[in-house]
Amino acid sequence: MRTVEWINGRVRMIDQRQLPWNFTHLDFEDYREVAQAITDMVVRGAPAIGATGAFGMALAAYQCPTQVLGDALDYLEVAAIILKKSRPTAVNLAWGVDRMMQVAREDVYRNTKDMLSAMIKEAQTIADQDVVINQLMGKHGAALIRDGDVVIHHCNTGALATVDYGTALGVIRTAWEQKKKFRVLLTETRPRMQGARLSAWELHQLGVPFEIIPDSSAGYYMRKGEAKLVLVGADRVAANGDTINKIGTYMLSVLAKENNIPFYTVAPTSTIDLDMPTGDQVPIEERSADEVRTPYGNALIPEEYPVRNPAFDVTPQRYLAGIVTEHGIALPPFKESLARMVAANSTAKVG
Ligand code: MRU
């Protein structure tokens, strides 16, 4: 299963808004529609929108109306801005789009056809590498799960949040493939319910035992000693280790510390943003009040009740036991260990 792929001049995505009830795909022939699909969360999850941004750029090159290389570059610069603006918090989106722009700017093409081929190839490479990187994180992270553990997991970080396999849920998948015996408590993840709808859908197919819990009950399971480990993903990790992830992650991390439960983030190096000194500089997306008022079309509360709906929060690095990356587990002090993980990219061969 691939969350997003390139099919002969179209970008195909699983429509995640329909899950778990319907497994359907949508095809896009215009990069502006791809940007809108990211905003509307047809596709979501940091690595998945990174790859989608890359395929969106390939689509922009495909639909570009000019044969003049310089003009095509101008067209792509506009596409890059539109795609990057579609969701602000996950750094993977800008990372994927910028990587495509670097390929577009290379001074080696005889014509726009050559440039297009190079861009399609690069987007494909980004997608393929994402899967390999997730499997590597799965191997490093699976050592954290022991027989008998109950693991709390937030949001959806699985195959659907990536091109395939997943980050934190990928760690859970690898541990399960290693025949470890454990259970997972999936937070519902209000208001969009990624835990209840998407993570449960994935674990159900894999046969991993799970229970869906209300977000507000996580502290209950920690305090009574049932939960032994917390695993989450990240939309961005700042240079000092502060982790920006789905709203509610911060609360989980504080509760984990209070109850002496190790709390790990699982994130590829494409999610690490060494240009952000701390999490406080990262833009936090505010989403529509309708997601809270009228979840999935069901009116819960009257229109006139005021609502706030931040999509992410910042977990200060002091609450993290470690950050699992494709190059190993970064431990505190994170400033040094994360810089080492990112530097490892220049020597490592992935995919
Ligand atoms: O708003 P979403 O569903 O895109 O948020 C997703 C998350 O917060 C994930 O934890 C994060 O992107 C990491 S996914 C591998």
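> Could you give an account of the pattern of salt bridges, with specific residues and numbers?
This model, assessed by the stated rule, comprises 21 salt bridges. As a salt-bridge pair, D27 and R12 come within 2.7 Å of each other at their nearest N and O atoms. Highlighted residues: D27 in strand β3 (residues 25–28) and R12 in strand β2 (residues 10–14), separated in sequence by 15 residues. Given the relative accessible area of 32%, D27 is considered partly exposed. We classify R12 as partly exposed; its relative accessible area is 25%. Between D290 and R293 there is a salt bridge, with its nearest N and O atoms 3.6 Å apart. With a gap of three residues between them, D290 and R293 both fall in helix α10 (residues 290–293), about one helical turn apart.

> Summarise the site of the ligand; cite the residues concerned and give the values.
Close to the ligand lie 17 residues, the nearest being A46, R87, Q194, N245 and K246. Interatomic distance of 2.9 Å between a side-chain N/O atom of D235 and an oxygen atom of the ligand. Computed on the free molecule, the ligand has an accessible area of 410 Å², of which 99% lies beneath the protein chains in the complex. Among the cavities detected, the one that contains the ligand is the largest cavity. Contributions of two or more residues to the shell around the ligand are made by α2 (46–63) and β9 (243–246). Class assignment of the residues belonging to the shell around the ligand gives a composition of seven nonpolar, six polar and four charged. Both of domain 1 (4–134) and domain 2 (138–346) provide at least three residues apiece to the shell around the ligand.

> Break down helix α6 (residues 168–177) for me, citing the residues and quoting the values.
Counting buried residues in α6 gives seven out of 10 residues, a clear majority hidden from the surface. Listed as buried for α6 are A168, L169, G170, V171, I172, T174 and A175. Residues of α6 that are buried sit in contact with α5 (112–142), β4 (150–153), β5 (183–187), α7 (194–206), β7 (229–232) and β10 (263–266).

> Quick rundown of the domain arrangement of the chain? Include the residues and the values.
Along its sequence, the chain is carved into domain 1 (4–134) and domain 2 (138–346). Placing a centre on the C-alpha atoms of domain 1 and another on those of domain 2 gives a separation of 25 Å. Domain 1 puts 28 residues into the contact, and the matching count from domain 2 is 34 residues. Approximately 2600 Å² of surface area, both sides summed, lies buried where domain 1 meets domain 2, with 57% of it carried by carbon and sulfur atoms. The largest share of the area that domain 1 buries against domain 2 comes from R44, T89 and N134, three residues that together contribute 25% of it. The interface formed by domain 1 and domain 2 includes one salt bridge. E285 is paired through a salt bridge with R87; the nearest N and O atoms lie 2.9 Å apart. Inspection of the region where domain 1 meets domain 2 yields 18 residue pairs in polar contact (both at pLDDT 80 or more). When residues of the side of domain 1 that touches domain 2 are traced back to their parent elements, those giving at least two are α2, α4 (91–105) and α5. Take the side of domain 1 that touches domain 2: its biggest share by element is five residues, from α5. Across the side of domain 1 that touches domain 2, the residue classes break down as 17 nonpolar, six polar and five charged.

> Let's hear about α5: which residues, and what values?
An ideal rise of 1.5 Å per residue puts 45 Å on 31 residues; α5 measures up with 45 Å between its terminal C-alpha atoms. The backbone nitrogen of K113 lies 3.2 Å from a side-chain oxygen of the residue at the head of α5, namely N111.

> Help me get a handle on unusual backbone geometry, residues and values and all.
In the segment running from L19 into P20, the intervening peptide bond is cis, with an omega of 10°. Structurally, the position occupied by P20 is in the loop between β2 and β3. The omega torsion of the bond from R190 to P191 falls at 5°, within 30 degrees of zero and hence cis. When you line up the elements, P191 lands in the loop between β5 and α7. Even without a glycine there, the phi angle at N8 is positive, about 40°. Mapped onto the elements of the fold, N8 is located in the loop between β1 (4–7) and β2. One non-glycine residue, C155, lies in positive phi territory at about 65°.

What counts and how
- Residues numbered from 1 in each chain as written.
- Predicted model: local features only at pLDDT ≥ 70, side-chain atom pairs only at ≥ 80, totals over all residues.
- Heavy atoms only, no water.
- Salt bridge = Lys/Arg side-chain N within 4 Å of Asp/Glu carboxyl O.
- Helix = DSSP H or I, 4+ residues; strand = E, 2+ residues; numbered from the N terminus.
- Buried < 20%, exposed > 50% of the residue type's maximum accessible area, 1.4 Å probe, protein only.
- Near = heavy atom within 4 Å.
- Polar contact = N/O pair within 3.5 Å; in protein donor to acceptor, adjacent residues only side chain to side chain.
- Areas by Shrake-Rupley, 256 points an atom, 1.4 Å probe, with all protein chains shown as cover.
- 1 Å grid on protein atoms, 1.4 Å probe; cavity = no way out; pocket = protein on both sides within 12 Å on 5 of 7 lines; lining within 4 Å.
- Sits in = over half its atoms within 2 Å of the grid points.
- Nonpolar A, V, L, I, M, F, W, Y, C, P; charged D, E, K, R; others polar.
- Domains from an automatic or database assignment.
- Contact = heavy atoms within 4.5 Å.
- Buried area = accessible area lost by both parts, 1.4 Å probe.
- Expected span 1.5 Å × (residues − 1).

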